[in-house]
Amino acid sequence: MKRAIVAALLVLSLAACGDKGSSTAMKEAPKPETAMKAPAPAADKTAAEEKAVQRTPSPAGAKVFFILPADGATVHSPVAVEFGVEGMTIAPAGSDDPNSGHHHVLIDTKLEDYDAPIPSDEKHKHFGGGQTEAALDLTPGKHTLQLILGDKNHIPHDPPVESEVITVNVE
Ligand SMILES: [Cu+2]
């Protein structure tokens, strides 16, 4: 009798475990499925966008660089930055002037996609008014800065006109 009860309990508990296991599996199953489905249309979209993007050619020898601050400089926030350009002219965003562009500062980041408009956020600053200087609010510590020109649509030129990455130490 006792053995029969133990056996019955075992069967019950196994069944309970089995139920639990399968219900968990069923709940979790749609998640990876959704996750796997999500990137597919995004990748298609990116491929389509890349085909649609027309990068503006840049003249040979064109370059941008920081006049200020110097690489490795110790500075205070707001940090005064001055942009230099050679071989191209600076024009506001939207301008159709040949061999022109506007400055962007990349802060603590690198540009991931040269075939798309430069993002606009805390790490990607646009100077679409054609500014050649700015004051950047930076937190204390080390930061990297890089300049890159964007065309009228904020897309890097071909080849890209970008500066060396410099480092500043904000006190
Ligand atoms: Cu821009």
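A short tour of the structure in this document, coming up. Please read all numbers here as calculations on a predicted model, not as lab measurements. Within any chain, residue numbers begin from 1 and follow the written order of that chain's sequence. Whole-chain, interface and lining totals are the exception, using all residues; otherwise, since this is a predicted model, local features are given only for residues with pLDDT of at least 70 and side-chain atom pairs are given and counted only at 80 or more.

### Section: the nonpolar core
Now for step 1: A set of buried Ala, Val, Leu, Ile, Met, Phe, Trp, Tyr and Cys residues, joined through C-beta atoms within 7 Å, is what we mean by a nonpolar core. Exposure is read from a count of other C-beta atoms within 10 Å of each residue's own; the residue is exposed at 12 or fewer, buried at 20 or more and partly exposed in between. C-beta atoms are placed from the backbone. In terms of nonpolar packing, the biggest core is built from 14 residues, with V64, F66, F83, L147, I148, L149 and V161 touching the most fellow members.
Now for step 2: Each helix corresponds to a stretch of at least 4 residues labelled H or I by DSSP, and each strand to a stretch of at least 2 residues labelled E; elements are numbered beginning at the N terminus. When contributions to this core are tallied by element, the ones reaching two or more residues are β1 (63-68), β3 (79-86) and β8 (141-150).
Now for step 3: Take this core: its biggest share by element is four residues, from β8.
Now for step 4: By definition, residue pairs are in contact when their C-beta atoms, positioned from the backbone, come within 7 Å. When sequence neighbours within four positions are dropped, the list of residues in contact with F83 reads V64, F66, I67, H103, T132, E133 and L147.

### Brief notes about the pairing of strand β5 (residues 100-107)
Residues in a regular strand project their side chains so that they alternate between the two faces of the sheet.
Now for step 1: For β5, a buried count of six out of eight residues is recorded, marking the element as mostly surrounded by other parts of the structure.
Now for step 2: At least two bridges found by DSSP between two strands is the condition for calling them paired. For β5 and β8, the ladder comprises six bridges, and the chain directions are antiparallel. When the bridges of β8 are listed, I107 appears paired with L145.
Now for step 3: Two strands pair when backbone bridges link them, and β5 and strand β6 (residues 124-126) are joined in this way by three bridges, in the antiparallel orientation. Across the sheet, the residue bridging to L106 is H124, located in β6.

### Some thoughts on the sheet that holds β1
Now for step 1: One open sheet accounts for three strands, arranged β1-β3-β7; its pairing is antiparallel. Looking along the sheet, the strands with just one partner apiece sit at the ends: β1 and β7 (133-136). Put simply, the sheet's adjacent strands are angled 30° from each other on average, direction ignored.
Now for step 2: Relative to β7, β3 runs antiparallel, the two being bridged by four bridges. Note on β7: the bridge partner recorded for V79 is L136. Axes, fitted as lines to C-alpha atoms, cover a helix only where it is in contact. Angles between the N-to-C directions of the axes lie from 0 to 180 degrees.

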